[in-house]
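Single-letter residue listing:
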Amino acid sequence: MAEPGPSRRSALRLARLSFRDGERAAALLSGPPLALWDDAATAPVDDHAAAVIAAIGRSADPDGALVALSELVATAEGADLLAALVDRADVRARLLPLLGVSTALAEHMVTHPETWRALIGPADLPGMSDRLHAAVGADAAAPTTGTGGTHATVTGAQAATALRTAYRRELIAIAGRDLSGELSLPAVTSALADLADYTLQAALAVAAAELPAGCEPCRLAVIAMGKTGGRELNYVSDVDVVFVAEAGYADSVEGADGDTEKALRCATQLAGHLMRLCREVAWEVDAALRPEGKDGPLVRTLASHEAYYKRWASTWEFQALLKARAVAGDLELGARYEAAMRPLVWSAAERPDFVPDVQAMRRRVVAHIPPAVADREIKLGPGGLRDVEFAVQLLQLVHGRGDETLRVGATLHALDALRDGGYVGRDDALSLSDAYVFLRATEHRLQLRRLRRTHLVPDDPEQLTWLALAMGFRADARGDARAVWQSEWGLHVREVRRLHEKLFYRPLLDAVARVPSSGLRLTHEEAGRRLLALGFADPARALQHLDALTSGLSRRATLQRALLPVLLSEFADAPDPDAGLLAYRRVSDELGATSWYLRLLRDEGKVANRLAYLLGTSRYVARMLGRAPEALRMLVDDAELRTRDIAEVIATMRETARRRDDAVHAVAAVRGVRRHELLRTAFGDLLGLTDVESVCEAISATTEATLGVSLEIAMRSVAAEFGVDELPLRFAIIAMGRLGGSETGYGSDADVMFVFEPLDEPDPDVDLAKLAQQVAGTLRGLLSAPSSTDPPLGVDADLRPEGRNGPLVRSLASYRQYYARWSSPWEAQALLRARFAAGDESLGVRFIEMIDPVRYPAGGVGRADLIEIRRLKGRVDAERLPRGADPSTHTKLGRGGLADIEWTIQLLQLRHAGAISQLRTTRTLDALRVAVEHDLLDARQADMLAAAWRQATRLRNAIMLVRDKAEDQIPSMGTPLVAVGRALGYPPGIDPGTIIDDYRRTARRARKVVEEVFYGKSERPD
């Protein structure tokens, strides 16, 4: 086979340098006017030529760049241009990537070859104004304001052409330095915004020169909005503006005489001509953001603008005003416009439903994206630029009322301010900034291609490859340049969407928006007055807490300053604001130095609101949180507040205990898990996520788990004391009372009985009773020991045979003997709640089987026992009610209280459970349901008893939560009663007497049933 000729070898080598058409590349590079390639040697003619060819090959479109360069060098500027390319690395770095990215600018340079010189040397961005004004013969130093201002000397079509050429030259200067990496994205977008400003100014000079003679003197200010106003403009974008006008000349005093109506007509002509000229030169000037939109007058006076925004403007219009900036025309009038609008912008967040309105507007934008292009929309689509911008603007508008550092226009600068102010986390701000830069750079490359406004990522693979190369991506482990770009794009879109949902729909925003602006920035004296107005009883003390939380320049203090205005309002809505703030300070002191605590409150607004309510309502929660502040994490997700499976709790307790060296520390760890679970239950209870039966069952299950794991530890500890691996006995805990009924409250002790039996044939030298006694004593001591970190668990064995006078622990045989000979009616009644709770299950089951005949007598109770039970109940009513207690509001021993209801149900069980097996339950409400099914109660009676039981139980729990003290008496008045009402779910502001009235009504009805059933006023035959 013949060897390929020189041109063929050149084509193959150039193809390896990224040229798709190697033969054409060889022809263009080797021939005139470039002469950079030696075809015979199949190599560049020299090292300088090699640098030029390599730079072309690195461009996004080497073939297109080479064609454009060949055409450009063929012009009159060719010799100088080629010499600059060979000699100057800066020109190569700017021009060749530009030719490979923008066919539109390449074509412009070919027809206006002198414009390449804009790429030589340092960028003269400030000189843009002089050059644009010089193109139309206007003075850049004197802003054009109207009929009395600076006019251009070049007008008509000639002016449009001159200004368009000058504009493109500046665009080339910016784009070349952008693509070479010399300018950051903020520098590029601000330079493009400045270019728009100067273009508007120069075009306004031309428009003013072309006004008809005799036009009424007017002052016209051009106010940039949107990206232009924020100095973050794209390469190709509409320039959003509004126009403000007044009668008179620029040097006239405000309010000078003049025909305002005629002046507005003149100003409208001026504005309209400006818009037409800019359309010919560069871009559309869009005035649709003006009051009333396209239906409103193009030009208004400042007074008319003010009146509209104060009376008629929609929420989105204030968002649009966020970036308003005077850029052309009468800048003094423009400054007055800015000053008039600024207070309206920074109070807009106080409008009713401001936050939901902004959120709804963003959803409408997304909903109107055609589904066919939604996945390619980098501006409007989910995870696009608008998601970043809307989130940032909403945060600015809400928090910027009290923090003037947030009052900046550009998105990236605003993100920096939000980060520095603690409103957005550092990592979140970095992720959003990176994504925003990526998306804007993508948008810029797409627009530069043909200088057309577009936000759609191409779906053609070749165009995607061009885009990836234009953005500087190259192949790596993820694949070729296109694959790498797509991977980055997907990552940024997902991250923007996640953070948009997190920040834009942050519950805390709504809460902050409800705080008046005056409450966001207070002097010490103003803060004291506001605290008093909010309901703090001791404003001076509250101020001390605020000072301690917010003093200093640390990020922790910054975050607290952002959070506290909202939290103070939330504390004010709680029953006890002072206690809530004190508890918040204690939790903050405990956790403030951790990395997650304040970030959790800021980013999960639901947590901040919930925390304020909980701390201001419940001393129990406040105390427990001070000992387990990490439990705050549970407030993020309602699923975390559901009761955990008891097996999971036991496993967690065993695991935490296993890592401790001795019994004291092991049980302390178990108690720590118990504390966490109690907080989980209390959170769900106070937040209305669980009913009273679930609450009691959860507390009971946690108590059983604590008893069970602590018993294992106690038995190992006692065995170690005796020098054995295992004690020679079985040991079981029998739940009694409320624990037995799974009806334990927050303030309940664990009512239990202890039972043991030998493992094998007992050793006569070992006193098993003494060993069992020591196990029980060790268990009780470990669980009831005072602790600075968790609540003790009292273990009450007073329901054992002979009560406090009897042995703490008995063997199964001893229990059997006792109940066979000595059991009294009240002991049989107490056994109705007995069930196995922890320890040796086989022993526990046999104990329950042994007591069943005692508590479920086959023939029911005899008349003598019935009389005795009623007599005992009478004594309880007469003697055990505390001195001074109100029997109508005592939830346990009062009329219609828990004792009334439970004794009534237990009497039915004693009388009928021997015959009705379904009645053999330890749970009050379950027994009630069975009693109705078997016609022992009618539905009305059962409903009244159940309602009273639930209400009394909820009240006892609520009192414990509120006062952190177990009490049965409902508070009679004041903050405690209000707090109890809130804990029960009564709405704020309700008359506290309603709580007592509701309870008394329910208890009276229950007492009537008790008298009918327990005391026999409607005696049913056995």
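Structure shown above.
A few points on the structure. Note that the coordinates shown come from a computational prediction; the quantities given were computed from them, not determined experimentally.

The rules we used
- Residues numbered from 1 in each chain as written.
- Predicted model: local features only at pLDDT ≥ 70, side-chain atom pairs only at ≥ 80, totals over all residues.
- Heavy atoms only, no water.
- Helix = DSSP H or I, 4+ residues; strand = E, 2+ residues; numbered from the N terminus.
- Rg over C-alpha atoms; globule rule 2.2 N^0.38 Å.
- Buried < 20%, exposed > 50% of the residue type's maximum accessible area, 1.4 Å probe, protein only.
- Contact = heavy atoms within 4.5 Å.
- Areas by Shrake-Rupley, 256 points an atom, 1.4 Å probe, with all protein chains shown as cover.
- Lys, Arg positive; Asp, Glu negative; His and termini not counted.
- Charge placed at Lys NZ, Arg CZ, Asp CG, Glu CD.
- Disulfide = S-S within 2.5 Å.
- Pairing = 2+ DSSP bridges.
- Salt bridge = Lys/Arg side-chain N within 4 Å of Asp/Glu carboxyl O.

Right, let's get into the overall build of the chain. The helix and strand inventory of the chain stands at 43 helices and 12 strands. Over its C-alpha atoms the chain spans a radius of gyration of 41 Å, topping by over 25% the 31 Å that the globule rule assigns to 1022 residues. Projected onto its principal axes, the C-alpha coordinates of the chain cover approximately 125 × 90 × 50 Å. The proportion of buried residues among the 1022 residues of the chain is 56%. For the chain, contacts bridging at least 24 residues in sequence account for 73% of all contacts bridging at least 6. Surface summary for the chain: the accessible area is close to 41,900 Å², and the carbon and sulfur share equals 50%. Taken as two groups, the 127 positive and 140 negative side-chain charges of the chain have centres that lie 4 Å from each other.

Per the counting criterion, the structure on display carries one disulfide. What pairs with Cys215 in a disulfide is Cys266, and their sulfur atoms sit 2.5 Å apart. Handedness here is read from the sign of the S-S torsion; for Cys215 and Cys266, about 135 degrees, the answer is right-handed. Note that Cys215 is positioned in the loop between α10 (185-209) and β3 (218-224) and Cys266 in helix α12 (residues 260-281), a separation of 51 residues in sequence. Given a relative accessible area of 1%, Cys266 falls into the buried group. Unpaired in this structure, Cys278 has its nearest cysteine sulfur neighbour in Cys218, at a distance of 17 Å. With relative accessibility at 0%, the residue Cys278 sits in the buried group.

Let us look at the side chain of Thr189. Here Thr189 shows up in helix α10. With residues near it in sequence (within four places) discarded, Thr189 still touches Arg231, Glu232, Leu233, Arg440 and His444.

What follows concerns the pairing of strand β4 (residues 239-247). A large share of β4 lies buried, amounting to nine of its nine residues. Burial along β4 is two-sided: Val239, Val241, Phe243, Ala245 and Ala247 and Asp240, Val242, Val244 and Glu246, pointing in opposite directions, are all buried. Pairing of β3 with β4, which is carried by seven bridges, proceeds in the antiparallel orientation. Counted as the bridge partner of Val222 is Phe243 from β4. When β4 meets strand β5 (residues 285-286), the two strands line up parallel, connected through two bridges. Note that in β5 the partner of Val239 across the bridge is Val285. Here β4 runs beside strand β6 (residues 299-300); their pairing, made up of two bridges, is parallel. Residue pairing across strands places Val244 opposite Arg300, the latter belonging to β6.

It is worth spelling out unusual backbone geometry at this point. Note the cis peptide between Pro32 and Pro33, where omega equals 5 degrees. Here the phi dihedral of Ser18 falls at roughly 90 degrees; this positive angle occurs in a residue that is not glycine. Structurally, the position occupied by Ser18 is in the loop between α1 (6-16) and α2 (22-30). The residue Ser742 is not glycine, and still its phi comes out positive at about 55 degrees.

Inspection of every chain in the model, using the stated rule, returns 73 salt bridges. A salt bridge links Arg300 to Glu292; the shortest N-O distance between them is 2.2 Å. Owing to a relative accessible area of 43%, Glu292 belongs among the partly exposed residues under this scheme. Note that Glu967 is salt-bridged to Arg963, the shortest N-O span being 3.4 Å.

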